[in-house]
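As a plain string of letters, each chain reads:
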Amino acid sequence: MAASPYPTTPWLRPPPLMGLLGLLLLLLVCLSPSIPLVEAAGVLRQVVGGDDDGGTFFEPFNVTYDHRALILGGKRRMLVSAGLHYPRGTPEMWPSLIAKAKEGGVDVIETYIFWNGHEPAKGQYYFEGRFDIVRFAKLVAAEGLFLFLRIGPYACAEWNFGGFPVWLRDIPGIEFRTDNEPYKAEMQTFVTKIVDIMKEEKLYSWQGGPIILQQIENEYGNIQGKYGQAGKRYMQWAAQMALALDTGVPWVMCRQTDAPEQILDTCNAFYCDGFKPNSYNKPTIWTEDWDGWYADWGEALPHRPAQDSAFAVARFYQRGGSLQNYYMYFGGTNFERTAGGPLQITSYDYDAPIDEYGILRQPKWGHLKDLHAAIKLCEPALTAVDGSPRYVKLGSMQEAHVYSSENLHTNGSISGNAQFCSAFLANIDEHKYASVWIFGKSYSLSPWSVSILPDCETVAFNTARVGTQTSFFNVESGSPSYSSRHKPRIQSLGGPYLSTTWWASKEPVGIWGEDIFDAQGILEHLNVTKDISDYLSYTTRVNISDEDVLYWNSKGLLPSLTIDQIRDVARIFVNGKLAGSKVGHWVSLNQSLQLVQGLNELTLLSEIVGLQNYGAFLEKDGAGFRGQVKLTGLSNGDIDLTNSLWTYQIGLKGEFSRIYSPEKQGSAEWSSMQNDDTLSPFTWFKTMFDAPEGNGPVAIDLGSMGKGQAWVNGRLIGRYWSLVAPESGCPSSCNYAGTYGDSKCRSNCGIATQSWYHIPREWLQESDNLLVLFEETGGDPSQISLEVHYTKTICSKISETYYPPLSAWSRAANGRPSVNMVAPELRLQCDEGHVISKITFASYGTPTGGCENFSVGNCHASTTLDLVAEACEGKNRCAISVTNDVFGDPCRKVVKDLAVVAECSPPSANKEPRDDM
């Protein structure tokens with residue numbers, strides 16, 4: 001018998017004849033971590049003892065493919081992959097993230113390689129800390145998972161400059177991603193470097209390592225036409241260059257419909273069930289399944305319902321897909337200044353199954369886990385069919401795809417007629433339920449859903465019926481910050497605030513250091529800064545006559561500064577005082593100024609908020625100002641300042657003095673803040689704080705601040721910006737059914753796009769942690785708070801008519817699946833190390849409402865709360881059979897549901913008294 005898709009100690013089901021006391025003893029289950037349905041790669045044997053000294057992790061195996069699937073060790077495989085970008089988490093987070101992906105039913109971990117992280121200066125390589133790709137790969141292998149390495153080296157990924165190092169654009173004559181010799185030489189050098197490291201570390205499958213698939217380039221087909229024939233030649237060169245590296249595993253090119261025969265072309269989209277590769281000899285692969293979306297500052301947050309994600313994946317395998325990769329399974333954080341542009345936020349949460357902090361997002365994670373288990377039950381049938389599956393039209397918008405080892409009639413029972421038979425029944429009507437007839441049975445299909453029948457008879461899973469818990473975090477990524485819900489103040493502090501003691505240091509505007517230079521005209525931002533800082537100051541002097549002042553007074557006017565185009569943020573200072581700001585991507589600026597008679601110092605501050613990460617001709621995009629810079633509204637006409645003499649200052653004084661570092665606190669003049677201090681822009685703030693108790697991830701609320709950057713113990717956690725999303729565009733509820741787009745199910749309207757920021761626990765010490773902020777607009781640090789991020793509330797509602805748990809399925813020696821028809825289960829689980837501290841609601845009968853507002857219905861088993869509390873409280877997880885055998889029958893001939901709401905707490909928290917319902 002093959003391994004179960006659930007833990008070897010399954011969710012227990014009470015025998016129907018046991019007494020109530022015996023049932024109580026069996027309701028609770030303490031589960032060991034899940035193991036996958038099959039061993040790594042099915043027939044592949046994982047070697048215990050692979051280590052950092054180059055030992056193998058698997059028995060060496062070859063990777064090939066045919067028209068149906070990747071072939072690992074001689075066997076076709078249906079593979080589920082999880083996108084997890086190593087530098088968006090910390091090395092300390094990686095083991096837990098990989099383990100959670102494995103528990104979720106994943107076979108493969110996918111990641112980009114980030115060129116600018118690994119080669120920050122030409123010829124100077126970095127493979128340490130968050131960029132230790134070798135360590136990451138070995139952790140993947142140690143869990144028995146495979147690795148899909150997307151080398152690129154262009155990544156996009158909403159990562160700064162798409163992963164390109166900025167020094168690349170300074171190479172004479174270079175043009176990115178086209179038939180350009182300087183670019184191709186640098187690209188080949190870096191790709192070869194990565195491949196050589198992987199070979200040296202024995203990380204390819206034929207060496208006993210985890211790498212089974214690689215990618216060259218990335219979505220080049222989207223922009224290839226902009227380069228004409230040079231683009232076609234480059235694409236062909238990139239393919240041949242990759243193949244010549246002799247890695248022994250296949251290469252893919254995503255969104256490349258003209259990929260050469262030896263390169264697999266693949267799909268990136270919200271749905272890929274209709275995709276077919278450009279050759280019959282290639283399998284159907286989905287490299288980016290967008291299960292969420294990214295966010296920009298000042299926008300609402302995107303969300304994709306779990307039901308629609310499951311629908312898209314099920315349809316992909318139903319219609320012949322073989323490998324699907326969630327982009328993202330864990331999104332993580334754009335630490336430091338790695339967020340892409342224009343204007344992408346520091347969080348890369350992506351509404352992924354594992355949230356930015358490494359906590360399971362439910363129901364998405366659990367619903368997809370159940371989907372993966374159902375697909376794995378179908379794997380023998382999916383891989384046995386060499387051609388197309390049997391297609392059956394079931395209705396105007398309903399259809400079935402049947403995978404069988406034999407030719408079957410679908411209008412009668414198939415019991416015992418085939419060694420392998422699995423079916424997918426789809427209803428693509430987004431509004432109506434449908435009843436369909438196949439295999440001599442009737443099946444009910446929810447709108448916009450797929451039912452999976454591993455044995456062509458019994459439904460194991462339906463994409464629209466969620467059988468897993470819903471979780472609510474104590475700090476929701478889309479929730480208002482504490483400070484935004486309370487009136488800002490500077491006074492004696494208490495309650496949730498981080499600190500009562502703050503120090504401040506003013507940042508000079510314009511010229512502050514010796515490393516300045518003068519130049520005639522407006523220089524392009526990146527050509528000056530080389531992206532070592534977000535900030536570049538342009539300073540000049542303007543002489544204003546008495547006639548100008550009299551002219552303005554007589555007309556009741558003010559002069560204005562106009563700039564044809566700015567990108568991303570421009571701040572205008574006159575004589576050291578902020579006159580105004582503009583935000584946008586190559587937008588015009590028109591700012592009125594208060595000038596005085598005589599010499600006026602005019603400073604233009606250009607700020608980058610992430611370099612462009614997508615599109616053609618990235619090397620030409622640049623930053624700063626374009627076009628003419630003029631002073632208008634003077635008595636004798638406009639003054640063109642474009643070609644004036646400008647003094648250039650790169651970065652901030654505090655930034656280059658490293659006053660954010662614990663070792664450099666003497667390099668700035670800090671003054672203690674008082675309650676009545678005026679909060680002014682361009683100020684550094686600092687405080688000391690103790691880490692919160694426990695070992696969970698930490699979130700800091702910066703919603704009271706304006707815009708800037710934040711460091712903890714010398715580490716830059718990222719940019720912050722309390723830019724508010726529009727009031728409209730967020731529906732009160734989100735219907736999963738129907739085609740998804742990134743604007744469909746947004747939240748967070750009317751509040752800041754991001755208020756909470758991730759501080760990895762490993763960046764903190766028990767006490768005396770240093771927080772340093774650079775604030776551009778005058779925020780209030782006294783309102784900052786700190787929270788441990790964890791799952792606080794969990795809830796679920798399961799019908800007695802729901803499917804048996806997937807752990808009730810098994811496979812015979814010949815691989816044929818079968819199910820033990822037992823009662824469905826309601827499962828609850830807190831974060832690792834946390835316990836269910838209190839059951840706040842439980843009803844077996846006809847409870848009404850949803851997770852946040854359950855109430856007892858007309859039918860209710862009065863013992864439900866006591867039974868559930870006894871089974872679950874004080875435990876990390878529990879499972880309860882949804883059956884009259886457990887609760888009795890409170891209302892005969894009525895379909896009953898079990899609804900439960902529970903609170904989760906760290907293990908040290910005291911158990912709260914329970915209120916009677």
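Remember, predicted model here, so these are calculated numbers, not experimental data.

Below, the discussion takes up the domain arrangement of the protein chain. If you check the domain split of the protein chain, you get domain 1 (75–362), domain 2 (475–507 + 656–784), domain 3 (516–651) and domain 4 (790–912). When each unit is reduced to the centre of its C-alpha atoms, the spacing between domain 3 and domain 4 is 62 Å.

Within the secondary structure, Gln-256 is located in the loop between strand E8 (251–254) and strand E9 (264–269). Taking C-alpha positions, Gln-256 is 26 Å from Phe-330, a pair spaced 74 residues apart along the chain. Gln-256 has contacts with Tyr-220, Gly-221, Gln-224, Met-235, Asp-265 and Asn-278, leaving out every residue within four places of it along the chain. In this structure the side chain of Gln-256 is engaged in a polar contact, spanning 2.6 Å, whose partner is the side chain of Asp-258.

Attention now moves to the packing of helix H5 (residues 181–200) against helix H6 (residues 228–244). At a closest axis distance of 11 Å, the pairing of H5 and H6 adopts a crossing angle of 25°. Taken together, H5 and H6 sit at an angle that is classed as roughly parallel. Crossing of H5 over H6 shows right-handed handedness. Contact residues: H5 offers Tyr-183, Lys-184, Met-187, Gln-188 and Val-191, while H6 offers Tyr-234, Trp-237, Ala-238 and Met-241. A class-by-class count of the residues in the contact of H5 with H6 yields seven nonpolar, one polar and one charged.

What follows concerns unusual backbone geometry. The omega torsion across Tyr-327 and Met-328 is 5°, close enough to zero to call that bond cis. Structurally, Met-328 can be placed in strand E12 (residues 323–330). In this structure, the amide linkage connecting Gln-362 to the following residue, Pro-363, adopts the cis form with an omega of 20°. Backbone geometry at Lys-202 places phi at a positive 55°, although glycine is not the residue there. The class of Lys-202 is partly exposed, set by a relative accessible area of 40%. In the Ramachandran plot, Arg-255 falls in the positive-phi region, its phi being about 50° despite a non-glycine side chain. Within the fold, Arg-255 resides in the loop between E8 and E9. Classification of Arg-255 by relative accessible area gives partly exposed; the value is 29%.

Moving on: the state of the cysteines. Using the criterion set out here, one finds eight disulfides in the structure. Disulfide pairing places Cys-730 opposite Cys-749 at an S-S distance of 2.0 Å. Handedness here is read from the sign of the S-S torsion; for Cys-730 and Cys-749, about 85°, the answer is right-handed. With Cys-730 in the loop between strand E34 (715–721) and strand E35 (746–747) and Cys-749 in the loop between E35 and strand E36 (756–759), the pair connects residues that are 19 residues apart, well separated along the chain. Judged by relative accessible area, which is 26%, Cys-730 ranks as partly exposed.

In this approach, a probe sized like a water molecule rolls over the atoms, and the result shows the empty space that is left. In this model, the largest pocket occupies a volume close to 1,500 Å³. Here the element with the most residues in the lining of the largest pocket is strand E39 (residues 791–799); it accounts for seven residues. A class-by-class count of the residues in the lining of the largest pocket yields 17 nonpolar, 16 polar and eleven charged.

Looking now at the UniProt feature "domain: SUEL-type lectin" (unreviewed entry) in the protein chain. The feature "domain: SUEL-type lectin" (unreviewed entry), as annotated in UniProt, sits at residues 824–905 in this numbering. End-to-end, the C-alpha atoms of residues 824–905 are 27 Å apart, and along that stretch the chain is 16% helix and 37% strand.

Further remarks concern the packing of aromatic side chains. Applying the stated rule across the entire model yields 55 aromatic pairs. Residues Phe-517 and Tyr-648 carry aromatic rings whose centres are separated by 5.2 Å and whose planes lie at 10° to one another, so their mutual orientation is stacked. Of this pair, Phe-517 sits in strand E22 (residues 516–520) while Tyr-648 sits in strand E29 (residues 645–650); the two residues are 131 residues apart in sequence, bridging distant segments of the chain. Taking the relative accessible area as the measure of exposure, Phe-517 reaches 33% and is therefore partly exposed.

For the coordinates displayed, the defined rule picks out 45 salt bridges. Measuring nitrogen to oxygen at the nearest pair gives 2.8 Å for the salt bridge that ties Arg-304 to Asp-308. With relative accessibility at 0%, the residue Asp-308 sits in the buried group. Among the salt bridges present, the one from Asp-351 reaches Lys-364, with a minimum N-O distance of 3.0 Å. With Asp-351 in the loop between E12 and helix H8 (364–384) and Lys-364 in helix H8, the pair connects residues that are 13 residues apart, well separated along the chain. Lys-364 gets classed as buried once you look at its relative accessible area, which sits at 3%. Ionic contacts of the salt-bridge type, sharing partners, join the residues Arg-77, Asp-107, Lys-376 and Glu-379 into one network.

This part is about the packing of helix H7 (residues 306–318) against H8. Running from amino to carboxyl end, H7 crosses H8 at an angle of 15°, the nearest separation of the two axes being 10 Å. Here H7 is positioned roughly parallel relative to H8, judged by the angle of their axes. Crossing angle aside, the handedness with which H7 passes H8 is right-handed. Contacts between H7 and H8 involve Ala-306, Gln-307, Ser-309, Ala-310, Val-313, Ala-314 and Tyr-317 from the first element and Lys-364, His-367, Leu-368, Leu-371, Ile-375 and Leu-382 from the second. Looking at the contact of H7 with H8, its residues break down into nine nonpolar, three polar and one charged.

This part takes up the side chain of Asn-748. With respect to the helices and strands, Asn-748 occurs in the loop between E35 and E36. The buried category is assigned to Asn-748, whose relative accessible area is 6%. Engagement of the side chain of Asn-748 in a polar contact is seen with the backbone oxygen of Ala-752, the distance being 2.6 Å. One polar contact links the side chain of Asn-748 to the main-chain carbonyl oxygen of Thr-753, over a distance of 3.3 Å.

Conventions we followed
Residues numbered from 1 in each chain as written. Predicted model: local features only at pLDDT ≥ 70, side-chain atom pairs only at ≥ 80, totals over all residues. Heavy atoms only, no water. Domains from an automatic or database assignment. Helix = DSSP H or I, 4+ residues; strand = E, 2+ residues; numbered from the N terminus. Contact = heavy atoms within 4.5 Å. Polar contact = N/O pair within 3.5 Å; in protein donor to acceptor, adjacent residues only side chain to side chain. Axes fitted to C-alpha atoms, helices over the stretch in contact; angles between N-to-C directions. Parallel < 35°, antiparallel > 145°, perpendicular 65-115°, else oblique. Left-handed = near helix turned anticlockwise from the far one by under 90°. Nonpolar A, V, L, I, M, F, W, Y, C, P; charged D, E, K, R; others polar. Buried < 20%, exposed > 50% of the residue type's maximum accessible area, 1.4 Å probe, protein only. Disulfide = S-S within 2.5 Å. 1 Å grid on protein atoms, 1.4 Å probe; cavity = no way out; pocket = protein on both sides within 12 Å on 5 of 7 lines; lining within 4 Å. Points joined across faces, edges and corners; volume = space filled by probe spheres on them. UniProt positions renumbered as here; feature names shortened; annotations may be inferred. Phe/Tyr/Trp six-rings, centres within 6.5 Å; stacked < 30°, edge-to-face > 60°. Salt bridge = Lys/Arg side-chain N within 4 Å of Asp/Glu carboxyl O.

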